[in-house]
Amino acid sequence: MRLTAFTDISLRIVMRLAVADPDDLLTTRVAADLLAVPYTHAAKAVARLSELGVVEARRGRGGGLQLTGAGREATVGGLVRALEAAGDVVGCEDDPPCPLRAACRLRSALRQAQEAFYATLDTITVRSLVDAPTGPILLSLTPPGKGTEPAIP
């Protein structure tokens, strides 16, 4: 199973916010630059994460992004379920629909595998994702062209 780019960007933003100093509010533009993702994609991810109550986005002077308490304790499985489009791993009902769909056992097996994937991610919290060595690397990120590349221990 492969996650969408939207989910990947969203998870990276959540991880970066999880290591941010509470007084150091990142803007969406800075987060996009730090994580080397297009601003428009980051803005869409931040909007969705705000809807989910994972990120608080403050506008105006002194504004920025902050991970909520719920966001810090969220499980990766819960976030991925909320961010990924609901549906089967394969397109049994696509146009044209698969001729095997009425008696296919593959669809059920793939659905079970998908749920096992999510169940594994349900054991991982955002807080645990940013333990060393990840947290220090996230903190050392600089926007492209504005410093040196982070050293990987």
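Before reading further, recall that the structure is shown in the block above.
To start, this report covers the structure provided alongside it. Everything numeric here is computed off the predicted structure, so don't read it as measured data. (Residues numbered from 1 in each chain as written. Predicted model: local features only at pLDDT ≥ 70, side-chain atom pairs only at ≥ 80, totals over all residues. Heavy atoms only, no water.)

### Quick word on the nonpolar core
In this structure, I13, L67 and L79 are the most contacted members of the largest nonpolar core, which totals 31 residues. Listed by contribution, the elements that provide at least two residues to this core are α1 (5-18), α2 (28-35), α3 (39-51), β2 (64-67), α5 (76-83) and α6 (106-121). Per-element tally for this core: the top contributor is α1, with seven residues. (Core = buried A, V, L, I, M, F, W, Y, C linked by side-chain atoms within 4.5 Å. Buried < 20%, exposed > 50% of the residue type's maximum accessible area, 1.4 Å probe, protein only. Helix = DSSP H or I, 4+ residues; strand = E, 2+ residues; numbered from the N terminus.)

### Let's talk about the packing of α1 against α3
Remark: α1 packs on α3, axes separated minimally by 9 Å, with the N-to-C direction vectors making an angle of 70°. Classed by the angle they form, the pair α1 and α3 counts as roughly perpendicular. Counted together, F6, I9, S10, I13 and V14 of α1 and H41, A42, K44, A45, V46, R48 and L49 of α3 form the full contact between these two elements. Considering only residue class, the contact of α1 with α3 consists of eight nonpolar, two polar and two charged. (Axes fitted to C-alpha atoms, helices over the stretch in contact; angles between N-to-C directions. Parallel < 35°, antiparallel > 145°, perpendicular 65-115°, else oblique. Contact = heavy atoms within 4.5 Å. Nonpolar A, V, L, I, M, F, W, Y, C, P; charged D, E, K, R; others polar.)

### Things to note about the pattern of salt bridges
Tallied over the entire structure, the rule returns six salt bridges. A salt bridge links R12 to D8, with the nearest nitrogen and oxygen atoms 2.9 Å apart. Here R12 and its partner D8 are both found in helix α1, four residues apart, which amounts to about one turn of the helix. What makes R12 partly exposed here is its relative accessible area of 31%. In this structure, R81 and D122 form a salt bridge, with 2.7 Å as the shortest nitrogen-oxygen distance. (Salt bridge = Lys/Arg side-chain N within 4 Å of Asp/Glu carboxyl O.)

### Thoughts on a nonpolar patch on the surface
A cluster of nonpolar side chains, namely M1, V89 and V90, defines an oily patch on the protein surface of about 240 Å² accessible area. With respect to the helices, strands and loops of the structure, V89 is situated in the loop between α5 and α6. Judged by its relative accessible area of 42%, V89 falls in the partly exposed class. (Patch = residues over 30% accessible without salt bridge, like charges linked within 9 Å, V, L, I, M, F, W, Y side chains within 5 Å. Areas by Shrake-Rupley, 256 points an atom, 1.4 Å probe, with all protein chains shown as cover.)

### Side note on α1
For α1, built from 14 residues, the straight-helix expectation of 20 Å at 1.5 Å per residue is met to within 8% by its first-to-last C-alpha distance of 20 Å. The buried fraction of α1 is high, at 10 of 14 residues. Here α1 has its buried residues at T7, I9, S10, L11, I13, V14, M15, R16, L17 and A18. (Expected span 1.5 Å × (residues − 1).)

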